[in-house]
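Here are the chains, one letter per residue:
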2 protein chains.
Amino acid sequence: MYEGPVQDLIDELGRLPGVGPKSAQRIAFHLLAAEPADIGRLQDALQKVREGVQFCQICGNVSEEQTCRICKDSRRDATVVCVVEEPKDVVAVEKTREFKGRYHVLGGALDPLSGIGPDQLRIRELLARMGADDIKEIILATDPNTEGEATATYLVRLLRDFPGLTVTRLASGLPMGGDLEFADELTLGRALSGRRTV
Amino acid sequence: MYEGPVQDLIDELGRLPGVGPKSAQRIAFHLLAAEPADIGRLQDALQKVREGVQFCQICGNVSEEQTCRICKDSRRDATVVCVVEEPKDVVAVEKTREFKGRYHVLGGALDPLSGIGPDQLRIRELLARMGADDIKEIILATDPNTEGEATATYLVRLLRDFPGLTVTRLASGLPMGGDLEFADELTLGRALSGRRTV
């Protein structure tokens, strides 16, 4: 509809999730009127992400170095590991300020229809951690939806054989069928403090 | 919250209009999983817009060359000029397929409280076109809100002195207090065909 570069930018912005044609147009004209330095910062951020983001070799979370800040922090209890689906779930749990242990990011949840089985998740890495570290409790904090529940059930069966290990699941309080990342801090905090053995 | 480049990208995306923290996070993780070529196209589009977009020297619309496609199109009636606030309003009127004349983009509407007076708009350029071209009708298609109405009233007074010129305003049918760009094609088309002399 527009000529040249403006339409190209609107098209590219419109491909992003949750950005419709009107939003894309609005953002494009905002950038058209923005300072070159403002656009530059967005370009730099894109370039860095394009060049590849590092993931923590221990927990699988987004990281600036080989090992993330949480895994490096000796004040965090290494004997309690909270297993989540995605890096954004780590941020959600951190916001509650209720958790002082470490994390393990699976990289998704079991979803056979989309071809995501145990081998597509970081489950082997979790079992390796079980062998290497002195983990006393695993908190299963996958999403309270079908895939997340299936993943939790699968992990409970796998972890049953480890002697002296307690496996817990986030307490009810989270609305079922929802997404962990959209829970408010209070609800998520209560679910965390009220976790039960499974 | 996240480490390094991912948080930088989320921050930059969050500065864009209509992109909240959750959307910014969603877009960032989408780009994290995207093909480098997909990010590359977005980067290229940003770079071109950053280097500067050309505006048509006649009508002020976004343009690929010195003169835009509409102003260059000899099949378009140069004696009828539709005056709009922004380039996106040109797109909105074009979508109706009811208008075969040319455009004049003001670059905004009169808004003294924000420091936008007649000198901040392309009104001098409009008067220059009046002198140079054989314009028979000016359609005032500014937004049907306070600023747009004030701009239309101001232009009516300015254009009153041109002999043989008809000045029209988009017909009622547009909901008052709204934004021209959000009108549906049918309403905008009817408003255009039912325009009245002022």
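As the structure is a prediction and not an experimental result, all values here were calculated from the model. (Residues numbered from 1 in each chain as written. Chains lettered and ligands numbered in written order. Predicted model: local features only at pLDDT ≥ 70, side-chain atom pairs only at ≥ 80, totals over all residues. Heavy atoms only, no water.)

### Points about the confidence of the model for chain A
(1) Moving on: In this model, chain A carries an average pLDDT of 88, and 96% of its residues clear a pLDDT of 70 or more.
(2) Moving on: By mean pLDDT, strand 7 (residues 196-197) of chain A is the weakest element of chain A at 69, and strand 4 (residues 101-105) of chain A is the strongest at 96. (pLDDT = per-residue confidence, 0-100. Helix = DSSP H or I, 4+ residues; strand = E, 2+ residues; numbered from the N terminus.)

### Thoughts on the state of the cysteines
(1) Moving on: Under the defined criterion, the tally for this structure stands at 0 disulfides over all chains.
(2) Moving on: Looking at Cys-59 of chain A, it has no disulfide partner, and the nearest cysteine sulfur is the one in Cys-68 of chain A, 3.7 Å off.
(3) Moving on: For Cys-59 of chain A, a relative accessible area of 2% puts it in the buried group.
(4) Moving on: No disulfide involves Cys-82 of chain B; its sulfur sits 11 Å from that of Cys-59 of chain B, the nearest cysteine. (Disulfide = S-S within 2.5 Å. Buried < 20%, exposed > 50% of the residue type's maximum accessible area, 1.4 Å probe, protein only.)

### A closer look at the interface of chain B and chain A
(1) Moving on: Facing the 50 residues of chain B at the interface are 51 residues of chain A.
(2) Moving on: At the boundary of chain B with chain A, total buried surface from both sides reaches about 5,000 Å², with 69% on carbon and sulfur atoms.
(3) Moving on: Between the two partners, chain B and chain A, sit 2 salt bridges.
(4) Moving on: The residue Glu-12 of chain A makes a salt bridge to Arg-41 of chain B at a minimum N-O spacing of 3.0 Å.
(5) Moving on: Between chain B and chain A we count 8 residue pairs in polar contact (both at pLDDT 80 or more) in total.
(6) Moving on: Sorting the residues of the side of chain B that touches chain A by element identifies helix 1 (5-14), helix 2 (21-32), helix 3 (36-50), strand 2 (62-63), helix 4 (69-72) and helix 5 (87-96) of chain B as the ones contributing at least two each. (Contact = heavy atoms within 4.5 Å. Buried area = accessible area lost by both parts, 1.4 Å probe. Salt bridge = Lys/Arg side-chain N within 4 Å of Asp/Glu carboxyl O. Polar contact = N/O pair within 3.5 Å; in protein donor to acceptor, adjacent residues only side chain to side chain.)

### Some remarks on the pairing of strand 5 (residues 137-140) of chain B
Residue and element names in this part refer to chain B.
(1) Moving on: Burial of the side chains of strand 5 extends over both faces: Glu-137 and Ile-139 are buried on one face and Ile-138 and Leu-140 on the other.
(2) Moving on: Pairing between strand 3 (residues 77-84) and strand 5: 4 bridges, direction parallel. When the bridges of strand 5 are listed, Val-81 appears paired with Ile-138.
(3) Moving on: Taken together, the 4 bridges between strand 5 and strand 6 (residues 166-169) define a ladder with parallel strand orientation. Paired with Leu-140 across the strands is Arg-169, a residue of strand 6.
(4) Moving on: Between strand 5 and its parallel partner strand 6, the chain crosses via helix 7 (residues 146-159), and the hand of that crossover is right-handed. (Pairing = 2+ DSSP bridges. Right-handed = clockwise from strand over helix to strand, strands pointing away.)

### Re unusual backbone geometry
Residue and element names in this part refer to chain A.
(1) Moving on: At Arg-97, a position not held by glycine, the phi torsion is positive, near 55°.
(2) Moving on: Within the secondary structure layout, Arg-97 lies in the loop between helix 5 (87-96) and strand 4.
(3) Moving on: Of the residues examined, Arg-97 reaches a relative accessible area of 71% and is grouped as exposed.

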